[in-house]
Amino acid sequence: MSGSPRRDSNVVLDDGRDLAFCEWGDPDGPAVLAFHGSPGSRLWWPGEALTSERGVRLVTVDRPGYGGSTALPGRPVGAGAGDIAALTAALGIDRFGVVGWSGGAPYAAALAAAMPERLTGVCLTNSMSLVYGLGPANADGEIHEDDAQLIDMIERLGPAEATLRYADELRQWADDTIRDPDSLIGLDALPDGDRWLLTDQESVGGLFASIREGLKQGSIGAASDWVALLAPWGFTFSDVEMPVRLWHGAQDRSVPQAEFERAAAAFPQGHLTVWPDAGHFGTAKHWGDVLAAALG
């Protein structure tokens, strides 16, 4: 989503935490909630201006520890459903679609498990994070050395303390990324299907601003996401009984297609589409299709 949000605000949750969100599009239209990547924030969404054109009310949300949302070290993936229940109540939203892109996909899946009766559609796109819902091992049974070390830390210290320790380890990475967000994106190395982004300076500026906003509390949001992926999620894909639409960009260099296919197959009603003309930013290129599926 390029440009500025119609509203940038927050709600105060029952435990006193702030949950930050932005609203885009038509305030009276059907609602879609969107979950950003890791790192990222509410300030940008990888979509076209179709949201307003189609009269949709899009709400983007900062996960705890990102942007304007109070950190909650040790938060499991599934716990986010309670925050969204409070947010939608405050906004007067009863039914809504949900989209999770990249690191946000597990949190969209959590809503499908927790509140299917309230969702018009569930869309999960371009996400290596989603694969961790099958466990830390890849299809060959191998666990990356960094993951194994973090799992050991979680088992020894618990998720909350492990998050704080891991955030300390990531502090320099967060500082470097704030100074140069392109060190994370790598615009010069984008695959052909994503190179349209190079000609869209408004989107690039919004993406970089979103990353900087997401890291303004330091690395605690990203550390929370990574620990949550490797700790128990609080639900499994088999708990998601409603239809789930999944999309993968065939040119996505950060998400192996075979692994994403494995995750898609674990949903009882998972329906996978592969975009041959897109990479990690396929959600933006095909936002019209994703938005329509979220609305049901």
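For the structure, check the block above.
We now turn to the structure provided with this report.

## Considerations on the overall build of the protein chain
Argument step 1. If you tally the helices and strands in the protein chain, you get 12 helices and 8 strands.
Argument step 2. Over its C-alpha trace the protein chain gives a radius of gyration of 18 Å, about what one expects of a compact globule, namely 19 Å for 296 residues.
Argument step 3. Taking the principal axes of the C-alpha coordinates as reference, the protein chain spans close to 50 × 45 × 45 Å.
Argument step 4. For the protein chain, the residues scored as buried account for 53% of the 296 residues in total.
Argument step 5. Here the analysis covers contacts within the protein chain between residues at least 6 apart in sequence; of these, 76% occur between residues at least 24 apart.

## Some thoughts on the side chain of T88
Argument step 1. You can see T88 is positioned in helix α2 (residues 80-91).
Argument step 2. Here T88 is in contact with L33, I93, F96 and R118, once residues within four sequence places are set aside.

## Some thoughts on the pattern of salt bridges
Argument step 1. Across all of its chains, the model carries 17 salt bridges by this definition.
Argument step 2. R57 is paired through a salt bridge with E23; the nearest N and O atoms lie 2.6 Å apart. In this pair, R57 sits in strand β4 (residues 57-61) while E23 sits in strand β2 (residues 18-25), placing the two residues 34 residues apart along the sequence.
Argument step 3. Its relative accessible area of 11% is what places R57 among the buried residues.
Argument step 4. Relative accessible area serves as the criterion here: at 2%, E23 is assigned to the buried category.
Argument step 5. Taken together, the shared-partner salt bridges connect D8, R42, D62, E213 and K216 into one network.

## Observations concerning helix α10 (residues 257-265)
Argument step 1. Listed in full, the buried residues belonging to α10 are E259, F260, A263 and A264. Relative to the axis of α10, the buried residues are bounded by an arc of 140° and lie together on one face. Turned more than 90 degrees from where α10 packs its buried face, A258 and A265 sit exposed.
Argument step 2. Structurally, α10 contributes buried residues whose contacts are with β6 (119-125), β7 (244-249) and β8 (270-275).

## Comments concerning the packing of helix α5 (residues 159-169) against helix α9 (residues 220-230)
Argument step 1. Put simply, α5 and α9 touch, their axes get as near as 8 Å, and they point 130° apart. Classified by the angle their axes make, α5 and α9 are oblique. Every pair of crossing elements has a handedness; the one defined by α5 and α9 is right-handed. Residues P159, A162, T163, L164, Y166 and A167 of α5 touch α9, and the partners they reach there are I220, A223, S224, W226 and V227.

## Here we look at the pairing of strand β1 (residues 7-12)
Consecutive residues of a regular strand have side chains that alternate between opposite faces of the sheet.
Argument step 1. Across 6 bridges, β1 lies against β2 in antiparallel orientation. Across the sheet, V12 pairs through a bridge with D18, a residue of β2.
Argument step 2. The antiparallel hairpin formed by β1 and β2 contains 5 residues in its connecting segment, where G16 sits at a positive phi of about 95°.

## Quick look at the environment of R179
Argument step 1. Positionally, R179 belongs in helix α6 (residues 171-179).
Argument step 2. Classification of R179 by relative accessible area gives exposed; the value is 56%.
Argument step 3. The spatial distance from the C-alpha of R179 to the C-alpha of R212 is 8.2 Å, given a sequence separation of 33 residues.
Argument step 4. In contact with R179, not counting residues within four places along its chain, are Q172 and R212.
Argument step 5. Separated by 2.3 Å, the side chains of R179 and D176 make a polar contact.

## With respect to the sheet that holds strand β5 (residues 96-101)
Argument step 1. Overall, mixed pairing links the 8 strands, which are arranged β1-β2-β4-β3-β5-β6-β7-β8 in an open sheet. Looking at strand neighbours, the two that pair on one side only are β1 and β8, the edges of this open sheet. Strand after strand, the sheet turns through a mean of 25° between neighbouring axes, direction not considered.
Argument step 2. Bridge analysis of β6 against β7 gives 3 bridges, and the strand direction is parallel. Its bridge partner lying in β7, C123 is registered against R245.

Here is what the cut-offs are and how they apply
Residues numbered from 1 in each chain as written. Predicted model: local features only at pLDDT ≥ 70, side-chain atom pairs only at ≥ 80, totals over all residues. Heavy atoms only, no water. Helix = DSSP H or I, 4+ residues; strand = E, 2+ residues; numbered from the N terminus. Rg over C-alpha atoms; globule rule 2.2 N^0.38 Å. Buried < 20%, exposed > 50% of the residue type's maximum accessible area, 1.4 Å probe, protein only. Contact = heavy atoms within 4.5 Å. Salt bridge = Lys/Arg side-chain N within 4 Å of Asp/Glu carboxyl O. Arc of directions from axis to C-beta. Axes fitted to C-alpha atoms, helices over the stretch in contact; angles between N-to-C directions. Parallel < 35°, antiparallel > 145°, perpendicular 65-115°, else oblique. Left-handed = near helix turned anticlockwise from the far one by under 90°. Pairing = 2+ DSSP bridges. Polar contact = N/O pair within 3.5 Å; in protein donor to acceptor, adjacent residues only side chain to side chain.

Keep in mind these values describe shape, not function.
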